[in-house]
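Summary of the model geometry
Okay, here's what each chain looks like letter by letter:
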Amino acid sequence: MASVDAQPYEFELAPRTCALTVIDMQRDFVDPGGFGEALGNDVSLLRRAVAPTRKVLDAARARDLLVVHTREGHRADLSDLPRAKKLRGRLKTGIGDPGPLGRSLLRGERGHHIIDELKPAPGEPVVDKPGKGAFHATDLDSLLRNRGVEQLVVCGVTTEVCVSTTVREANDRGYDCLVLEDCVASYFPEFQVAALAMIRAQGGIFGWVSDLSRFLRALAKS
Ligand code: C5J
């Protein structure tokens, strides 16, 4: 056990019951030519989280923490894509449409792959999710419970969409979440600030917020 300097107050890190979750660090969101860029976003804003997340990943692996990766995406026949999600945004290049990284947000396409820098190691579970939250329509909850996980350290993208949705889902299922602010990123700087504020508000209504160096310091002491 070790205390992570966090907000709204210290997070009691218990490595034996803690898992690292890396949310949707896939080319479609983070790389030029992907779905995120097709929506008009500047992907360099998300790239800022890559190097710090790599450091968390290395530290977690060195301490034998369970590492779980997630990817947002759909089946090639789009049978798991709700009509509302397909139509939303009236996009020129929507989910399932061809783009420079293959068909957008589709399993097996180049854009759906996790970026090389954060590639899952052999044996690390990769959870494919059709929604924003990593618990919706996936086996993530049983995968964590069967290993006795009670705490999640959360990295990934985007802070206000898939990271926040997953943290809220995890909170309702009884997990304590610690979000590392330099290891999560948004296309919108103001949403990054607001999403983190919402997590730690009201005594940590959804969880705790800290950063890479504070987390690494505590992990080294635990
Ligand atoms: C989005 C995500 N932003 N991974 N997905 O649509 O946050």
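A brief look at the structure comes next. Every value quoted in this text rests on a predicted model; they were computed, and no experiment measured them. (Residues numbered from 1 in each chain as written. Predicted model: local features only at pLDDT ≥ 70, side-chain atom pairs only at ≥ 80, totals over all residues. Heavy atoms only, no water.)

1. Digging into helix α9 (residues 212–221)
Quick note on the threshold: Here's how the labels work: a residue is buried when its accessible area is under 20% of the maximum for its type, exposed when over 50%, partly exposed in between, all with a 1.4 Å probe on protein chains only. Each helix is a run of DSSP H or I of at least 4 residues and each strand a run of E of at least 2, with the numbering of both proceeding from the N terminus. Arc, as used here, means the arc of the directions from the helix axis to the C-beta atoms. What makes two residues a contact is simply this: any of their non-hydrogen atoms within 4.5 Å.
Of the positions making up α9, those classed as buried are L212, F215, A218 and L219. Along the axis of α9, the buried positions cluster into a sector of 135°, meaning they face one direction only. Those residues of α9 that are exposed and aimed more than 90 degrees away from the buried face are A220 and K221. Along its buried surface, α9 packs onto β1 (2–4), β2 (11–13), α4 (50–62), β8 (151–157), β9 (176–185) and β10 (208–210).

2. Here's the deal with the packing of helix α7 (residues 159–172) against helix α8 (residues 189–204)
Two quantities define a packed helix pair, namely the angle between the helix axes and the distance between the axes. As a reminder of what qualifies: Orientation is described by lines fitted to C-alpha atoms, with helices fitted over the stretch in contact, and by angles between N-to-C directions that extend from 0 to 180 degrees. We call two directions roughly parallel when the angle between them is under 35 degrees, roughly antiparallel when it is over 145, roughly perpendicular when it lies between 65 and 115, and oblique otherwise. Residues are sorted three ways: Asp, Glu, Lys and Arg are charged, Ala, Val, Leu, Ile, Met, Phe, Trp, Tyr, Cys and Pro are nonpolar, and all the rest, Gly among them, are polar.
It is the contact of α7 with α8, at a shortest axis distance of 10 Å, that shows an interaxial angle of 10°. By the angle between their axes, α7 is roughly parallel relative to α8. In contact with T159, E160, S164 and R168 of α7, α8 contributes F191, Q192, A195, L196, M198 and I199. Each residue belonging to the contact of α7 with α8 can be placed in one class, and the counts come to five nonpolar, three polar and two charged.

3. Describing the environment of A49
Position of A49 among the secondary structure elements: in the loop between α3 (44–47) and α4. Among all residues touching A49, those that are not within four sequence positions of it are M25, D182, C183, V184 and A185.

4. Overview of the pairing of strand β7 (residues 126–129)
Stated formally: By this definition, two strands are paired if DSSP reports at least two bridges between them.
Going residue by residue along β7, you find V127 and K129 tucked away on one face and V126 and D128 left uncovered on the opposite face. For strand β4 (residues 66–72) and β7, the ladder comprises four bridges, and the chain directions are parallel. Paired with E72 across the two strands is K129, which belongs to β7.

5. A short note on the packing of aromatic side chains
Formally: To pair, rings of Phe, Tyr and Trp, with the six-membered ring standing in for Trp, must have centres within 6.5 Å; the planes then decide the type, stacked if under 30 degrees apart, edge-to-face if over 60, and tilted in the middle.
Taken as a whole and assessed by the stated rule, the structure comprises four aromatic pairs. Between the aromatic rings of Y9 and W208, the centroid separation amounts to 5.6 Å while the plane-to-plane angle is 80°, which identifies the pairing as edge-to-face. Within this pair, whereas Y9 is found in the loop between β1 and β2, its partner W208 is found in strand β10, the two being separated by 199 residues in sequence. Judged by centre distance (4.8 Å) and plane angle (45°), the ring pair of F188 and F191 falls under tilted. Since its relative accessible area comes to 33%, F188 is described here as partly exposed.

6. Topic: the site of the ligand
Our working rule: One heavy atom within 4 Å of a molecule or strand makes the whole residue count as near it. Each polar contact in these results corresponds to two N or O atoms within 3.5 Å; when the atoms are within protein, one needs to be able to donate a hydrogen and the other to accept it, and residues that are neighboring in sequence are counted only if both atoms are side-chain atoms.
What surrounds the ligand is the set D24, F29, E72, K132, V157, T158, V161 and C162. Within the backbone of V157, one N or O atom sits 3.1 Å away from a nitrogen atom of the ligand. Each residue belonging to the shell around the ligand can be placed in one class, and the counts come to four nonpolar, one polar and three charged.

7. Re unusual backbone geometry
Cis geometry is adopted by the peptide bond preceding P8, which originates at Q7 and carries an omega value of 10°. Topologically, P8 is positioned in the loop between β1 and β2. In this structure, the amide linkage connecting V157 to the following residue, T158, adopts the cis form with an omega of -15°. Along the chain, T158 turns up in the loop between β8 and α7. Not every positive phi belongs to a glycine, and L78 is a case in point at roughly 60°.

8. Considering the side chain of Q192
Mapped onto the elements of the fold, Q192 is located in helix α8. Setting aside residues no more than four positions away along its own chain, Q192 makes contact with T159, E181, V184, A185 and S186.

9. Considering the side chain of S186
Here S186 is to be found in the loop between β9 and α8. For S186, a relative accessible area of 5% corresponds to the buried category. Looking at S186, its side chain comes within polar contact range of the side chain of E160, at 2.9 Å. Setting aside residues no more than four positions away along its own chain, S186 makes contact with L45, L46, T158, T159, E160, F191 and Q192.

Keep in mind these values describe shape, not function.
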